[in-house]
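In case you want the letters, here they are:
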Amino acid sequence: MAEKQHQEHGVKLEQEDLCCAVCLDLPTEPVALSCGHSYCRGCIESCWDKEKEKGSYSCPQCRETFDPRPVLWRNNTLAEIVEKMKKTSTQQASTSGARTSADSAGVACDFCSGPKPNIATMSCLTCLASYCPAHLEPHYTVPVLKTHQLVSAIIPLQDNMCTKHSKLLEFYCETDEQLVCSSCTVDEHKGHKTVSASVQKIKTKNDIVLSQKEVQNQVQQRENELKELKQAEENIKSGAQTVLKDCDRIFAELIAAMQERCCEVKQLIVSQESSAVTHAAWLQLQLEEEITKLRRRDTKLEQLLHTDDHIYMIQAAQSLSASRDSQDVLQVASPLRSFTDVTDCVSELRDKVDTVPKETWPRISATVCYVDFSLQPAPNTREEFLRYYCPLTLDVTTNYPYLHLINDNRRVRPSPSPYSAAPDRFTKFPQVLCRERLSKRCYWEVEWYARTLSAAVAYKDISRTSDDSRFGNNDKSWSLECTASGYSYRHNSVETTVSGPSSGKIGVYLDYNAGVLCFYHVSDTMVLLHKVQTTFTQPLHPGLGLNYEWYDVGVFAQLVEL
C-alpha cells in the first residue's frame, strides 16, 4: 500500500536516502534523535562513546548538542520501510521495467545469464558474489542466507580479493598499512600488527569524521573569507567612487582658486593700467602747456635779439628771467618697472604650483597602490617569517666615527679610534645604515647588548649632521628603542610606549607595498611588540643605533645571519 501511494504521488525512495550517515549503509536497528536524524544504534553509540570525555554529545549531521546523553528509541517507521524495501526490491525492479545491462557504470550480477547481465546492487562477502535485486531476494527470505554479510555493490568483488591467495581481504596490516587476507597474516605479513577489517573500518570512519569536521571547518572559514572579500570588494567600489568625487571636488576647488587669483591679477593690471594712463594724460597736458609757454618765451627772446633799444633789451631780459625762475619745473620720468615684471612673478607662481604636485605625487601613488587584493597574507610563525629573510650588511660610509664594523660588516661595536670623515657619515649620534635598499617584503633579526638599541628603518636622504638626525626624531625614519626595562617607538619626534617581554633579539618585518612595519620579540614564538601602518614613498634602509658609555663593557649590535 505504501509503495502504491508513493507511486501515485510520484515519490521514489532511493536506498541512499535511507542510509545511515555514519556507516553509509541501510540502518541496522535504526534509532531516531530529537533533532530528527536517524542512525544505526551501534554507529551513534560508537560516536557518542568518543565524545564522552567532552561531556556533551552531538548529532553527526546537524551538530546539535545534547546534555546529558539522550536515551535512544527505536525508529519503528524507518525499520519497517527498510525491511519492506529489502523484501520488495525484486518487485520494484520488475515493475519499473528498468532492466539495465552491467557495463562500466556498475558491477555485473554474477547470477544473471545472457550477454547483458543486470547491474548488481549488493555483494555478499560470505558467498563472494554480487547480486541484482532479483537474485538477491533469497538473502532476505531464506533463513540460512539472512546471516550472510551484505554490502553495497560499489566495486567488483575481485577488488576485495587478495590477488595472491584469492581470498577475501578480511584483515588490515597496520605495519604496512594495507588490506590482507588470512593467508597473508601467516605468510609475508607474519609478525606484523594486524586487525580485522571491521575494526579498521571503525578507525577509518573515525578518521573520516575528523577529516569531515576539518573540511567543514575549512569550508566555514573559506565561506567567511569569501563573505569578507565580497564585503571588501563592495567597500572598495563605494570607497573608490567617494574618493573620485572628492578628487573632482578638490581639484575643482584648486582650479577655481587659481581662476580667482587669475581674475584678481587681471583686475589689478587693468586698474593699474587705467591709473597710469590717466596720470600720463595729465602729464601730457602739463607738458603741452609748458611747451606752449616756452615757445612764447622763445619768440620774445628772438624779438629782443633784434631790438635797437638797449635799455628796453636789458629790462625785458631781466623780466623774462625773473618769470622763468618763478615757474615750477615739471618732473617727468619713465616708470621704473613695467608689466613684464608681472609676467615673471606669475611664471614663478606657476613653477611653485607645479612643484607641489611633483613632490606630493609619490605619496598619492603609493597610497593608491596600497589597495590591492593580490597581497599575500602576513606570516605568523617564525618559519613563515624566515621565508622573507633578507641578508643585510652595514654601510661603512655611514657609521658614526666611533662605531667600528666587524664580522663582514654585520656587527658594530664602540671603538676609541675614529673613522676618517666621510660625507655620508652620521656625526651627531652613534648609528649606522645598511647598504641594501628595501622595497618589498623583508625580514631580519638584530641581537644587541647596550644601554639602548635602536632597531630602525630610514630613507637614504635622512640628515647625517643635524640635531634631529637621530633615528625616530624626524619624518624620514621609524625606530624601536629597546632598553632592559622596556620599549618605546619613535617617529617624527613622537614617542609611544610599547609593552612586551624584554629580549636580546629583535625581529623586524617589512611589507613595503602594504605600508606595514612590525617589530617582534623573537623566541620560540613570535611576540608582536609594535606595528606601524603608513605609506612609504622611498626605498628603506635598515639601521642600528646604540646608546652607551665609554666604560661599558661588551657593547655591540649585530645583524643575525639566518
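Residues numbered from 1 in each chain as written. Predicted model: local features only at pLDDT ≥ 70, side-chain atom pairs only at ≥ 80, totals over all residues. Heavy atoms only, no water.

Undergrad: Tell me about the overall build of the protein, and name the residues and values.
TA: Looking only at helices and strands, the protein features 13 helices and 24 strands. Put simply, 55% of the contacts in the protein that link residues at least 6 apart link residues at least 24 apart. Only carbon and sulfur atoms are counted for the fraction: they give 54% of the accessible area of the protein, which is about 36,300 Å². (Helix = DSSP H or I, 4+ residues; strand = E, 2+ residues; numbered from the N terminus. Contact = heavy atoms within 4.5 Å. Areas by Shrake-Rupley, 256 points an atom, 1.4 Å probe, with all protein chains shown as cover.)

Undergrad: Could you give an account of the pattern of salt bridges, with specific residues and numbers?
TA: Enumeration over the complete set of coordinates arrives at 25 salt bridges. Of the charged contacts, one joins R69 and E45 as a salt bridge, the two residues approaching to 2.3 Å between their closest N and O atoms. Here E45 lies in helix 3 (residues 41-50) and R69 lies in the loop between strand 4 (65-66) and strand 5 (73-74), a separation of 24 residues in the sequence. Here E264 makes a salt bridge to R261, at a shortest N to O gap of 3.2 Å. Here R261 and E264 lie together in helix 10 (residues 197-305), a separation of 3 residues that amounts to about one turn. By relative accessible area, which is 32% here, E264 ends up partly exposed. On the basis of relative accessible area, R261 is assigned to the partly exposed category, the value being 47%. (Salt bridge = Lys/Arg side-chain N within 4 Å of Asp/Glu carboxyl O. Buried < 20%, exposed > 50% of the residue type's maximum accessible area, 1.4 Å probe, protein only.)

Undergrad: Quick one: what's the story with the packing of aromatic side chains, residue by residue and with numbers?
TA: Using the criterion set out here, one finds 14 aromatic pairs in the structure. Taken together, a centroid distance of 5.3 Å and an interplanar angle of 40° make the contact between F385 and Y443 tilted. Residue F385 is found in helix 13 (residues 382-386), and its partner Y443 is found in strand 15 (residues 441-449); the two are separated by 58 residues along the sequence. In this structure, F385 and Y443 share a single accessibility class: buried. Consider the rings of Y459 and W478, whose centres lie 5.4 Å apart with planes at 80°: the pair is edge-to-face. A residue pair is termed long-range when its members are at least 10 positions apart, and Y459 in strand 16 (residues 452-459) and W478 in strand 17 (residues 477-483) qualify at 19 residues. Grouping residues by exposure puts Y459 and W478 together as buried. Over the aromatic face of F426 sits the side chain of R464, whose NZ or CZ is 5.1 Å from the ring centroid. (Phe/Tyr/Trp six-rings, centres within 6.5 Å; stacked < 30°, edge-to-face > 60°. Lys NZ or Arg CZ within 6 Å of the ring centre and 35° of its normal.)

Undergrad: Can you break down the UniProt feature "coiled-coil region" (unreviewed entry) in the protein residue by residue, with the values?
TA: What UniProt calls "coiled-coil region" (unreviewed entry) maps, in this numbering, to residues 212-242. Its end C-alpha atoms 44 Å apart, residues 212-242 is made of 100% helix and 0% strand. (UniProt positions renumbered as here; feature names shortened; annotations may be inferred.)

Undergrad: Give me the lowdown on the sheet that holds strand 7 (residues 129-131), citing residues and values where you can.
TA: Across the sheet, which stays open at both edges, the 3 strands sit in the order 7-6-8 with antiparallel pairing between neighbours. Each edge of the open sheet carries a strand with a single partner, namely strand 7 and strand 8 (150-152). This sheet shows a mean twist of 35° between the axes of neighbouring strands, independent of strand direction. As defined by bridge partners, strand 6 (residues 122-124) adjoins strand 8 across 3 bridges and the pair is classed as antiparallel. Residue pairing for strand 8: M122 is matched across the bridge by S152. (Pairing = 2+ DSSP bridges. Axes fitted to C-alpha atoms, helices over the stretch in contact; angles between N-to-C directions.)

Undergrad: How would you explain helix 10 if you had to name every residue and give the values?
TA: Relative to the 162 Å expected for 109 residues at 1.5 Å per residue, helix 10 spans 153 Å between its end C-alpha atoms, a close match to the ideal helical length. Listed in full, the buried residues belonging to helix 10 are Q200, K205, L283, R297 and L304. (Expected span 1.5 Å × (residues − 1).)

Undergrad: Please give an account of the environment of F429 that cites residues and values.
TA: Mapped onto the secondary structure, F429 falls in the loop between strand 13 (411-414) and strand 14 (431-433). Residue classification places F429 among the partly exposed positions, given a relative accessible area of 24%. Sequence separation between F429 and S466 is 37 residues, and the spatial gap between their C-alpha atoms is 9.6 Å. Apart from the residues within four sequence positions on either side, F429 is in contact with Y400, S466, D467, S469 and R470.

Undergrad: How would you sum up the state of the cysteines? Please name residues and give values.
TA: Scanning the model with the defined rule gives 0 disulfides in all. C109 supplies the cysteine sulfur nearest to C112, a cysteine that is in no disulfide, at a spacing of 3.6 Å. Relative accessible area serves as the criterion here: at 14%, C112 is assigned to the buried category. Note on C262: no disulfide assigned, nearest cysteine sulfur contributed by C263 at a separation of 5.7 Å. Accessibility expressed as a relative area gives 37% for C262, which makes it partly exposed. (Disulfide = S-S within 2.5 Å.)

Undergrad: Let's hear about helix 4 (residues 76-87): which residues, and what values?
TA: Given a rise of 1.5 Å per residue, 12 residues ought to cover 16 Å, and the 16 Å separating the end C-alpha atoms of helix 4 matches this to within 8%. Restricting attention to buried positions, one finds in helix 4 the residues L78, A79, V82 and M85. When helix 4 is viewed along its axis, its buried side chains cluster within an angular range of 130° and face the same direction. (Arc of directions from axis to C-beta.)

Undergrad: So, the sheet that holds strand 11 (residues 194-196): which residues are in play, and what are the values?
TA: Judged by pairing direction, the sheet is antiparallel, and its 3 strands sit side by side in the order 10-9-11 without closing on themselves. The open sheet has two edge strands with one neighbour each: strand 10 (178-180) and strand 11. In this sheet, adjacent strand axes meet at a mean angle of 35° when their direction is disregarded. The sheet contact formed by strand 9 (residues 171-173) and strand 11 spans 3 bridges and is antiparallel. Bridge pairing links C173 to T194 in strand 11. Contacting strand 9 and strand 11, helix 10 crosses the sheet at an angle of about 90° to strand 11.

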